[in-house]
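Chain by chain, the residues run as shown.
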Amino acid sequence: MEYINLGQTNIKISKVCVGGMSFGQAGTMHDWTLDEEKTAEVVAHALSLGINFFDTANSYSAGTGEEYLGKALKRNIARDKVILASKVYFNPGRLSKAAITREIDGTLKRLGTDYLDLYIIHRFDYETPIEETMSALNDLVKAGKVRAIGASAMYGYQFYNMQLVAREHGWAQFSAMENHYNLLYREDEHELMPICKQQNVTLMPYSPLAAGRLARPNWDTDTLRSQTDQVAKGKYDHTKQFDMQITSRVAELAKKYQVKMSQIALSWLWSKGVGAPIIGATKANHFDDANQALKVKLTKADLSYLEQPYVPHRIVGAISQNPPDGTILLDKD
């Protein structure tokens, strides 16, 4: 495993991040999530590979995602040996001071820890003043409940404005961006990613394999997730006819280098400056594949070949307004 610093902090993260959306009581959010025992098995295997970075959220599987992950980590490793991140937004009050103050305590309790290494705002809040949100996050850093803060999918100008407010007040600034980014969705290359690079903010994209569509030659499979994941269908099926061209090229290069398609897709991400793609695995061997992907080196010609068929996509990730209260799944078909 390889490691990098998170943003401008001294927090060392593995270049593979374990995604916590795969964990939790099935049926509370998704039908395909892992139960407590299987979560522990997958987490233990990830740790055995040297992966130390874990990302979850208060909204995953009605809180059981955090609970299962916290228990799994406690069974296998000392708290100070892992980097633990969670998120806030899909909750009453969104990113208000009251909500952030309340939600961090709930997250810490469910995870069984007294601090987070990274606390991420899950989306941009159109109803709460930026100053209120950034002040509340800074208070958590000062209180020792959070070591660093990050943001997730939003428009570049929103991220920049939040960073600017924090800088003007001398508050904690974002060290990480968890955005939607993969070979099939590259819209953040226009604004958000250049801003992050300029400010030395680590990219930790979600859906790096496009919900499996970059890991297999066929668009769909007969797995429970493929058949029931309406969010993934909403993200990707609208542009299937264009994106299958990219998938085919990933398969072609995988055959050329005698590696797996997922390893080609992940290697491409690291070549684009990504720090730690989030792997939402339901099988332990998915992390073996991700670990081995670090050894795959693509040429400039390979990168160009993979990127050439891309066409502009509708925005998926950043939102134009707050969703209705109670919403936990965006982008459904």
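Thresholds, definitions, all that
Residues numbered from 1 in each chain as written. Predicted model: local features only at pLDDT ≥ 70, side-chain atom pairs only at ≥ 80, totals over all residues. Heavy atoms only, no water. Salt bridge = Lys/Arg side-chain N within 4 Å of Asp/Glu carboxyl O. Helix = DSSP H or I, 4+ residues; strand = E, 2+ residues; numbered from the N terminus. Buried < 20%, exposed > 50% of the residue type's maximum accessible area, 1.4 Å probe, protein only. Core = buried A, V, L, I, M, F, W, Y, C linked by side-chain atoms within 4.5 Å. Contact = heavy atoms within 4.5 Å. Right-handed = clockwise from strand over helix to strand, strands pointing away. Pairing = 2+ DSSP bridges.

Draft legend 1. Just the pattern of salt bridges, in detail. Tallying each qualifying case throughout the model produces 18 salt bridges. Between K97 and D139 there is a salt bridge, and its shortest N-O distance comes to 3.0 Å. With a gap of 42 residues between them, K97 in helix α3 (residues 97-111) and D139 in helix α4 (residues 130-143) connect regions that are remote in the sequence. With its nearest N and O atoms 3.2 Å apart, the salt bridge here joins K260 to D289. With a gap of 29 residues between them, K260 in the loop between α9 (240-257) and α10 (261-271) and D289 in helix α11 (residues 285-293) connect regions that are remote in the sequence. Owing to a relative accessible area of 43%, K260 belongs among the partly exposed residues under this scheme. Of the residues examined, D289 reaches a relative accessible area of 14% and is grouped as buried.

Draft legend 2. Broad picture of the nonpolar core. Among the nonpolar cores identified, the biggest contains 85 residues, and M134, F159 and F287 are the most heavily contacted of them. Apart from residues no more than four positions distant in its own chain, F159 is found in contact with A151, M154, F174, M177, L192, I195, C196, Q199 and V201. Counting residues in each nonpolar core, the second largest holds 16 residues, with I11, I120, A148 and A176 among its members.

Draft legend 3. A look at the pairing of strand β5 (residues 83-88). Buried residues dominate β5, accounting for six of its six residues. The alternating pattern of β5 places I83, A85 and K87 and L84, S86 and V88 on opposite faces, both of which are buried. Read from strand β4 (residues 53-55) through helix α2 (residues 64-76) to β5, the crossover connection turns out right-handed. Sheet topology note: the β5/strand β6 (residues 116-121) ladder contains four bridges and is parallel. Along β6, the bridge assignment pairs K87 with I120.

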